[in-house]
Amino acid sequence: MGGPESRGVLRKMSDLLELMVKRMDTLARLENSSELHRAAGEGRFALDRLPAGPGLMERIQAIAQNVSDIAVKVDQILRHSLLLHSKVSEGRRDQCDAPSDPKFPDCSGKVEWMRARWTSDPCYAFFGVDGTECSFLIYLSEVEWFCPPLPWRNQTATRRAPKPLPKVQAVFRSNLSHLLELMGSGKESLIFMKKRTKRFTAQWALAAQRLAQKLGGVRRDQKQILVHIGFLTEESGDVFSPRVLKGGPLGEMVQWADILAALYVLGHGLRITVSLKELQSNLGVPPGRGNCPLTMPLPFDLIYTDYHGLQQMKQHMGLSFRKYRCRIRVIDTFGTEPAYNHEEYATLHGYRTNWGYWNLNPKQFMTMFPHTPDNSFMGFVSEELNETEKQLIKDGKASKMAVVYGKEASIWKGKEKFLSILNKYMEIHGTVYYESQRPPEVPAFVKNHGLLPQPEFQQLLRKAKLFIGFGFPYEGPAPLEAIANGCVFLQSRFSPPHSSLNHEFFRGKPTSREVFSQHPYAENFIGKPHVWTVDYNNSEEFEAAIQAIMTTQVDPYLPYEYTCEGMLERIHAYIQHQDFCAAPGPAPPGTRAPQSPFILAPNATHLEWARNASLAPGAWPPAHSLRAWLAAAGRACTDACLDHGLICEPSFFPFLNSQDAFQKLQVPCDGIESEMNHLYPAFAQPGQECFLQKEPLLFSCAGSSTKYRRLCPCRDFRKGQVALCQDCL
């Protein structure tokens, strides 16, 4: 077919698909509406009886998206053909000189590079480069964007974005069977994740019902989301799958299973990839070595991945990675602090590691626990019990039964002393993996059940009085599951605290965070009577804690943020409000607004957003939740905010990055400078000098120095949901 005719056909296909999607969306919403009214008439919200409309809708959309992708690729092939013919027909083959245009200063240099290196990657030939000057300029102006458009080119031949599919409203889902299909099979890790998702189906459905009622009629556009689990790809080694059945760590798989479930239940369109080949296909990566942009505009609003997936995308997306990286969300268990994230700063100041230097907005990194407010807290879920189940657990507790946290024999090595003391008071149970012989590290008086499936492990926790950790693994999901099943969690206090400076496990991780116990979240956010943190090097303190726990009665407890509803609420808020592709709002350092939005609090200790000040448009969290404090010397903003019962909020730093903020706090600035430093804005003592932040990516809640009193932006938070402020929903 000729170019114009084929484009006409493609346009008709696109229009037909658009009409189909609109009609299906209307039908699905009508069916949902009528079903909800019917259920309400029966006096209950029967989410499990919702019609199959959304599932059918999703399949129609998937077909539409696939046909759209095919249309783009067909258009691409036709464009290549037109490109080759046009160079000859225009009679310009030898008359293509690199234009001199100040708006495109890199053009001539890129043409030189193409002359020398265009054969280094087959992707250039795929886009029509054949060694002529014309092909270089056409490629650099129409595929990449280093040269201006050529005036003699037929502009209809240039690559055009496909017509976007119409916006569809997201509808809560309660049937997860299609999600289980999307997750695929063949890997032990995927089998584990699917079993977990299936086990939590009823809890997700109930959580969706509660959140739907809480949100009321809030419009939620359905997002197209790619989830690429990089650590499960063969190219990254996939060390986890073979160890699922041998006691290996499951925390990452627990979190990924819950992320997939939450995104699906919220009603978004999902593509899930666990191989590099699938990733390349879904992104539209051209054949070659990854130096060229994608063959089509990115068809996804958001991409959730991990550090392995991030590296794979950078290797294969060419210039498109920089263009689209604002849409990426990185699941990052231990967090990435701004000083490690900024490539130039990390290199100059000794913060460079194997995992950092991505120059993303630090909020694009999403953690397992809320330990790094510079990042977003993603989390996971634990099973939520109703009152009847809680009472059954309390009635069935064995008062002298302990379960040890640690499925690998190496965790038990050298722990005989603690185990002997514990054995005087309790029957000790273990779940240590072994193939044929009992591991010698596990004492004979311990009843070892071997590796248990998750439901059987839950039953063991429901009987036990105590769940005891021996310092490793760090920050896993098991202690929260134990506390949710009515156990007391006993863990060791670290002195000195563990960090990348003194402990091999944290070395190379992009964080300077100090870990004062095996599970800081359990210690700081839950605490006694559910969590006891003691010095294991002090035998008397250890034994006294066990004696006290023997007489302590606790109810099963689960923080709201680790329930299905809590996770749905949090991810909904992120998807609805976080936009890292938008241009930055607040003014650069030093510029002063006509009227300051801050006032000094009545007790003269901190700044507040003035009630009569206009709110910053588009700011999230809302700016009126800001409270600004001047931290003591040597105190990080993370800790300074916690001292006042608040959370550090890095997105508020730009509002404080001005001389006006220091003046309102009555800080005597003898001089003011603007520099790149992750501790700024700050007041230096001695010297009476105030420093502003020059690089927005370096605004950081983390970090301290005895030389500086840091200016810290804090906010309130919802009860049980530290990631969200009071008005963040």
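This write-up is about the structure you can find in this document.

Conventions we followed
- Residues numbered from 1 in each chain as written.
- Predicted model: local features only at pLDDT ≥ 70, side-chain atom pairs only at ≥ 80, totals over all residues.
- Heavy atoms only, no water.
- Helix = DSSP H or I, 4+ residues; strand = E, 2+ residues; numbered from the N terminus.
- Buried < 20%, exposed > 50% of the residue type's maximum accessible area, 1.4 Å probe, protein only.
- Contact = heavy atoms within 4.5 Å.
- Areas by Shrake-Rupley, 256 points an atom, 1.4 Å probe, with all protein chains shown as cover.
- Disulfide = S-S within 2.5 Å.
- 1 Å grid on protein atoms, 1.4 Å probe; cavity = no way out; pocket = protein on both sides within 12 Å on 5 of 7 lines; lining within 4 Å.
- Points joined across faces, edges and corners; volume = space filled by probe spheres on them.
- Nonpolar A, V, L, I, M, F, W, Y, C, P; charged D, E, K, R; others polar.
- Salt bridge = Lys/Arg side-chain N within 4 Å of Asp/Glu carboxyl O.
- Pairing = 2+ DSSP bridges.

### Here we look at the overall build of the protein
Piece 1. Scanning the protein for helices and strands turns up 24 helices and 21 strands.
Piece 2. Burial analysis of the protein (729 residues in total) assigns 54% to the buried set.
Piece 3. Contacts in the protein between residues far apart in sequence, at least 24 positions, make up 72% of those at least 6 positions apart.
Piece 4. As presented, the protein carries roughly 32,300 Å² of accessible surface, and 53% of it is formed by carbon and sulfur atoms.

### Regarding the state of the cysteines
Piece 1. According to the stated counting rule, one finds 9 disulfides in the structure shown.
Piece 2. Paired through a disulfide, C96 and C134 show a sulfur-sulfur distance of 2.0 Å. On the sign convention where negative is left-handed, the bridge of C96 and C134, at about 75 degrees about the S-S bond, is right-handed. On the criterion of sequence distance, the pair formed by C96 in the loop between α2 (53-89) and α3 (107-117) and C134 in helix α5 (residues 133-143) is long-range, its members being 38 residues apart.
Piece 3. Note on cysteine connectivity: C326 is disulfide-linked to C581, with sulfurs 2.0 Å apart.

### Concerning empty space enclosed by the protein
Unfilled space is identified by rolling a water-sized probe across the atoms.
Piece 1. Applying the stated criterion across every chain, the model contains 2 cavities of 30 Å³ or more.
Piece 2. Its boundaries defined by the atoms lining it, the second largest cavity holds a volume of some 40 Å³.
Piece 3. Lining of the second largest cavity is provided by R220, D221, K223, H268, H572, I575 and Q576.
Piece 4. For the lining of the second largest cavity, a count of residues per class yields 1 nonpolar, 3 polar and 3 charged.

### Topic: the pattern of salt bridges
Piece 1. Scanning the entire structure with this criterion turns up 25 salt bridges.
Piece 2. Close ionic contact of K187 with E234 constitutes a salt bridge, the shortest N to O distance being 2.9 Å. Of the two residues, K187 sits in the loop between α6 (177-183) and α7 (188-199) while E234 sits in the loop between β1 (224-228) and α9 (251-265), which places them 47 residues apart along the sequence.
Piece 3. E234 gets classed as exposed once you look at its relative accessible area, which sits at 58%.
Piece 4. Here E565 and R210 are joined by a salt bridge, their closest N and O atoms 3.9 Å apart. Linking E565 in helix α21 (residues 564-577) with R210 in helix α8 (residues 201-215), this pair joins segments that are 355 residues apart in sequence.
Piece 5. For E565, a relative accessible area of 10% corresponds to the buried category.

### What about α5?
Piece 1. In terms of burial, α5 is largely enclosed, as 10 of its 11 residues are buried.
Piece 2. Along α5, the residues classified as buried are C134, S135, F136, L137, I138, Y139, L140, S141, E142 and V143.

### Topic: the pairing of strand β20 (residues 689-693)
Piece 1. Of all 5 residues in β20, 4 are buried, a share of seventy percent or more.
Piece 2. By the bridge criterion, 5 bridges tie strand β18 (residues 671-675) to β20 in an arrangement that is parallel. Following the sheet pairing, E675 is matched in β20 by Q693.
Piece 3. With 3 bridges joining them, strand β19 (residues 682-684) and β20 adopt antiparallel strand pairing. The residue of β20 that forms the bridge with F683 is C690.
Piece 4. With antiparallel pairing between neighbouring strands as the criterion, β19 and β20 make up a hairpin whose turn holds 4 residues, including G687 at a positive phi of roughly 115 degrees.

### Focus: unusual backbone geometry
Piece 1. Cis rather than trans, the peptide bond between K528 and P529 has omega equal to 5 degrees.
Piece 2. Among the structural elements, P529 can be located in the loop between α19 (520-526) and β13 (531-534).
Piece 3. Although it is not a glycine, E475 sits at a positive phi angle of roughly 45 degrees.
Piece 4. One can find E475 in the loop between β10 (466-469) and α18 (478-484).

### A few points about the environment of W412
Piece 1. For W412, the location among the structural elements is in the loop between β7 (401-405) and α16 (416-423).
Piece 2. C-alpha of W412 to C-alpha of P440: the two residues are 28 residues apart in sequence and 9.5 Å apart in space.
Piece 3. When near neighbours in sequence (up to four residues on either side) are disregarded, W412 contacts V404, G406, L419, G430, V432, E441, V442, P443 and V446.

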